[in-house]
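Residue strings, one per chain:
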Amino acid sequence: MSVSNPSLGWERLQDEFYRSRECFDLSWDVNLSDGKIAIAPYCAAIAYFSNKSSATFSINKSVDVYSGSGEKIYSIPWLSSNGTITSIGWTNKLGLIIILRNGKWRLYYNLEGDFNEYDLELSSSDDESVLDCKFWDKGFVVRTNRSKFYTVLDYEKLTPLRFDDSSNEGALQGKTIHCWSILPPNYSRDLEIYLSTDESVLKMTLNSIEDTNYKDNVPLKFISFPPNGNFVSVYSKFNRTISILSSNFRTTFKTYVSDNESDVYQMEWCSNDAVIVTYPDETKVIGPSDDSLSLYMEPECYLHPEFDGTFFLSNTKLEFLSRVGNSTSATFKIGSTFSSAILLDAIDQIDNHSPKATENVEIIKDKLSEAINYCILAAAEEFDPYWQKRLLRAATFGKSIIDFYNPDDFVETCKNLKVLNMIRQPEVGLFLTYSQYLDYTIENVIKYILLRKMHYLALKISQYLNLPDDDIYIDWACCKIKASGNVDDKKLCDDIRKMMKHKKVLSYHKIADVAYYEGRIKLSIMLLN
């Protein structure tokens, strides 16, 4: 089998390489330009609400939730009497947030359409309504038509707070806000809002508002912060400049003048290293130098930044753009003489029955441990199982020669990649990178799979990793009760007990509670006996 070198898809930007890789061919029939889109953390789910208006469509509107591969998970019917949707977003626990124009908002806490409704308590005296909204993983900020800002700082507490601008009442009075962005409290002690007016950029916290004195090229159209919050990028429509600044707007590190005269569609960071700017006909990646990289994505794609790269969502594909890691670059770069590249080449020589494999090992015998480590790290970065296996085979070959090598990292990587390849299948639709998988944790991966009601897959992963599986059985039993409305109580109780007969110390209390709330009191008693 002949497979091309991964480096053939890389693009160089100064001293670094970037690559865009396809995650999924989307199985949906959606036109993103026709509606509102919300992408969950790690692209675990996608919510879509169409803005189309027609005699039929206005009656049958719905908020549709899809997996990362475009498979529809469920739909929320939306009647006009429910209110007008202004924004949609996600929590870090895969809860869907729907913000309404009247200041009410809903938190859908599972993938079955169950929700709780809350109120931001807007002012009723001056006909205040929600204009737009910015989300982060633990909260959101809304702007109203009166240029007032409200926030929910924590989905666990749910208390709405209003930003107090009375300390500087004239700061916003009579001024047009051209764009605004938030710096979440993850990065600073307080939640901060940055607003671009005709004169400068203002910084607002819950209790104060002040001028940053940044007046270059204002008004701005976009303000964007990277995942670590250490910098900020700004785009000025006035002269098509993209500037990289310190997060307090006091120091300008770089100003890039675009040669594309089209209007910018979106601007986000690619990790903490580069800025992505999308135009109708082009996508630019701008690094710390004067160079830029031009990519040609589908028009009107949506960017979703993560700490290690950026997802591109279009009508037909989900792709991931990221910087190529040092281990991968050293191993696959054309003409590389790094130890891991030579060790990988030895596998080709072995397959060709060439004695040169032994020569390769002799060349790197003093750096064999380094070569093994780099092959393991490069395998973790690859999406293609072919190259994962090839690199791990090279590491195995190196381990068989070296006298002393701790195999823990190798074993851990093999296990994690097997799980990743399971959840990256289109029917699951959760395409995590290796770094995202470690950050998200296996516990949350299993919770996601249970939300999707894929109990067998959750059980397989738990057994493979030797993790506790009681919660999986309990969740299965609860779902079984909810889905078995026409099944006799005794038969359902027998089915549940038969499935759990090998679980000697499993508590039935949670299962009995679900039966009780489903109106099946007899079943609830039977489960507790």
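For the structure itself, consult the block above.
Bear in mind the structure is a predicted one, so any value in this text is a computation, not a measurement.

A. Representation of the sheet that holds strand E13 (residues 149-152) within the structure. Read across the open sheet, the 4 strands follow the order E11-E12-E13-E14; overall the sheet is antiparallel. Looking along the sheet, the strands with just one partner apiece sit at the ends: strand E11 (130-136) and strand E14 (160-162). Strand-to-strand twist of the sheet, defined as the mean angle between neighbouring strand axes without regard to direction, takes the value 20°. Direction of pairing for strand E12 (residues 139-144) relative to E13: antiparallel, over a ladder of 4 bridges.

B. Here's a closer look at the pattern of salt bridges. A full pass over the atoms with the stated rule returns 28 salt bridges. The salt bridge involving Lys284 is made with Asp259; its shortest N-O contact spans 3.2 Å. Of this pair, Lys284 sits in strand E25 (residues 283-286) while Asp259 sits in the loop between strand E22 (252-257) and strand E23 (266-270), and the two are 25 residues apart along the sequence. Assessed through its relative accessible area of 3%, Lys284 is described here as buried. Where Asp351 meets Arg390, a salt bridge forms, and the shortest distance between an N and an O atom there is 2.8 Å. Of this pair, Asp351 sits in helix H2 (residues 339-351) while Arg390 sits in helix H5 (residues 385-401); the two residues are 39 residues apart in sequence, bridging distant segments of the chain. Classification of Arg390 by relative accessible area gives buried; the value is 13%. Salt bridges sharing common partners tie together Asp348, Asp351, Arg390 and Arg393.

C. Here's a closer look at the side chain of Lys284. At 3.2 Å, the side chain of Lys284 forms a polar contact with the side chain of Asp259. Side chain to side chain, Lys284 and Glu282 meet in a polar contact 3.4 Å long. Once residues lying within four places of it in the same chain are set aside, the contact partners of Lys284 are Tyr256, Ser258, Asp259, Asn260, Val275, Ile276, Val277, Tyr279, Ser292, Leu293 and Ser294.

D. Representation of the sheet that holds strand E20 (residues 231-236) within the structure. The strand order across the open sheet formed by 4 strands is E19-E20-E21-E22, and the pairing between neighbours is antiparallel. Strands with a single pairing partner mark the edges of an open sheet, and in this sheet they are strand E19 (222-224) and E22. Taken over all neighbouring pairs, the strand axes of this sheet differ in orientation by 15° on average, direction set aside.

E. Representation of the pairing of E12 within the structure. Judged by how many residues are buried, E12 sits mostly within the fold: 6 of 6 residues are covered. The alternating pattern of E12 places Gly139, Val141 and Arg143 on one face and Phe140, Val142 and Thr144 on the opposite face, and all of these are buried. Bridge analysis of E11 against E12 gives 6 bridges, and the strand direction is antiparallel. From the neighbouring strand, Trp136 faces E12, where its bridge partner is Gly139. Hairpin connection, E11 to E12: the antiparallel pair is bridged by 2 residues. Hairpin connection, E12 to E13: the antiparallel pair is bridged by 4 residues, and Ser147 has positive phi, about 60°.

F. Up close: the packing of aromatic side chains. What the rule picks out here adds up to 25 aromatic pairs. Through a chain of ring-to-ring contacts, three or more aromatic side chains come together here, namely Trp105, Tyr118, Phe135, Phe140 and Tyr155. A cation over an aromatic ring shows up here: Lys399 above the ring of Phe410, its NZ or CZ 4.6 Å from the ring centre. Lying over the aromatic face of Tyr508, Arg497 brings its terminal NZ or CZ to 4.8 Å of the ring centre.

Parameters and conventions
- Residues numbered from 1 in each chain as written.
- Predicted model: local features only at pLDDT ≥ 70, side-chain atom pairs only at ≥ 80, totals over all residues.
- Heavy atoms only, no water.
- Pairing = 2+ DSSP bridges.
- Helix = DSSP H or I, 4+ residues; strand = E, 2+ residues; numbered from the N terminus.
- Axes fitted to C-alpha atoms, helices over the stretch in contact; angles between N-to-C directions.
- Salt bridge = Lys/Arg side-chain N within 4 Å of Asp/Glu carboxyl O.
- Buried < 20%, exposed > 50% of the residue type's maximum accessible area, 1.4 Å probe, protein only.
- Polar contact = N/O pair within 3.5 Å; in protein donor to acceptor, adjacent residues only side chain to side chain.
- Contact = heavy atoms within 4.5 Å.
- Phe/Tyr/Trp six-rings, centres within 6.5 Å; stacked < 30°, edge-to-face > 60°.
- Lys NZ or Arg CZ within 6 Å of the ring centre and 35° of its normal.

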